[in-house]
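The primary structure of each chain is shown beneath.
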Amino acid sequence: MCGRYATTTDPGRLAVELDAIDETGGFGAPGGGGPTAGENADTRGGRAPGVNYNVAPTTQIVTVVDRHTHEHPDDTPSRRIRRMRWGLIPHWSKAAEPGVPVKGKPLFNARADRAATLPSFRDAVKYRRCLVPMDGWYEWLVEPDPAGPGNGKKPKVVKHPYFMSRPDGERLYMAGLWSVWRDRSLDDPEPLLSCTILTTDAVGDLTRIHDRMPLPMPREHWDAWLDPDHRAPADLLGPPSEALVAEIAARPVPTLVNSVKNNGPELLASAPDTAEQTTLL
């Protein structure tokens, strides 16, 4: 699964790199979403907007989509950079109060092999697919506590945080789905954009850390994946190739990442591979 990641993606720079339209409009812009607790950290401590070393669900995140313009729906779709809430809100969700959807379990991940059959995601699988750029994601290797269960209680475990990324520093783009929610009881409802990251079976060396991983989308498949007018080829929802995953390495990082209150480059510092040491012992 993917419940935490890091990004140093500046929306404006990303738009230039991808020849895309930057629709983020800064924090608080209409449709862009105001800063949440996770994003407030981006503008403190000297970090630029868009930089977040500990992205958590419900945070507003940067995504990439292909869309038509409202004025010319028959034109060729253009690539766009948008902010969305991480945690998909199905378009059919009810409102808890005017303009606010009912709170529920954040749908921040969706299994790629099942999304097309689930009510929360199947519409998005058809025509609302996106990319989520990131530097890498965190995962926790869970092992029995070497100190033992203690007092006859259930076995204790220890969790070792790892960061999965490309050693060359190149950005990763993960497959995602998105939705538009509006409170239909209002005369002129403000759209709320939200998204989820697709996950798949882990491949190769990453299986030693966790049995699931976010689904990376190679650049050569972007056009088909983002196409708003056609379904994505079914094979794009399958597990990634071992060759693609071989470009991603897992390394241990400090336990600072365990708390979403911590947010800085120190979260990506090298840490002793205590899990490996425990295994050897």
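Here's what I pulled together on the structure shown here. Since the structure is predicted, the reported quantities are computational estimates derived from the model, not experimental observations.

The rules behind these values
Residues numbered from 1 in each chain as written. Predicted model: local features only at pLDDT ≥ 70, side-chain atom pairs only at ≥ 80, totals over all residues. Heavy atoms only, no water. Helix = DSSP H or I, 4+ residues; strand = E, 2+ residues; numbered from the N terminus. Buried < 20%, exposed > 50% of the residue type's maximum accessible area, 1.4 Å probe, protein only. Contact = heavy atoms within 4.5 Å. Areas by Shrake-Rupley, 256 points an atom, 1.4 Å probe, with all protein chains shown as cover. Core = buried A, V, L, I, M, F, W, Y, C linked by side-chain atoms within 4.5 Å. Salt bridge = Lys/Arg side-chain N within 4 Å of Asp/Glu carboxyl O. Phe/Tyr/Trp six-rings, centres within 6.5 Å; stacked < 30°, edge-to-face > 60°. Lys NZ or Arg CZ within 6 Å of the ring centre and 35° of its normal.

**Points about the overall build of the protein chain**
Within the protein chain, the secondary structure is distributed over six helices and 15 strands. Across the 281 residues in the protein chain, those meeting the buried criterion constitute 45%. At a minimum sequence separation of 6, the contacts of the protein chain that also span at least 24 residues come to 68%. For the protein chain, the accessible surface area stands at approximately 14500 Å², while carbon and sulfur atoms represent 52% of it.

**What to know about the nonpolar core**
Core analysis: the largest hydrophobic core is formed by 30 residues, its most contacted members being Tyr5, Trp86, Met134 and Trp137. Within the residue set of this core, elements represented by two or more residues are strand S4 (60–67), strand S5 (78–86), strand S9 (129–134), strand S10 (136–144), strand S11 (157–165), strand S12 (172–181) and strand S13 (192–201). Element by element, the count of residues in this core is highest for S12, at four residues. Among the nonpolar cores identified, the runner-up in size contains 27 residues, and Val64, Ala115, Tyr173 and Trp222 belong to it.

**Observations concerning the pattern of salt bridges**
Under the defined criterion, the tally for this structure stands at 10 salt bridges. Salt-bridge contacts for Arg79 lead to Asp223; the nearest nitrogen and oxygen are separated by 3.0 Å. A residue pair is termed long-range when its members are at least 10 positions apart, and Arg79 in strand S5 and Asp223 in helix H4 (residues 222–226) qualify at 144 residues. Across the pair Glu247 and Arg166 runs a salt bridge whose closest N-O atoms are separated by 2.8 Å.

**Topic: the packing of aromatic side chains**
Pairs of aromatic rings are described using the distance from one ring centre to the other and the angle between the two planes. Summed over all chains, the structure comprises five aromatic pairs. Measuring from ring centre to ring centre gives 6.5 Å for Tyr138 and Trp140, while their planes differ by 40 degrees; the resulting arrangement is tilted. A connected cluster of aromatic rings, assembled from ring pairs, spans Tyr5, Trp86 and Phe108. The ring of Trp178 carries Arg128 above its face, with NZ or CZ at 5.3 Å from the centroid. Residue placement shows Arg129 over the ring face of Trp225; its charged tip is 5.5 Å from the ring centre.

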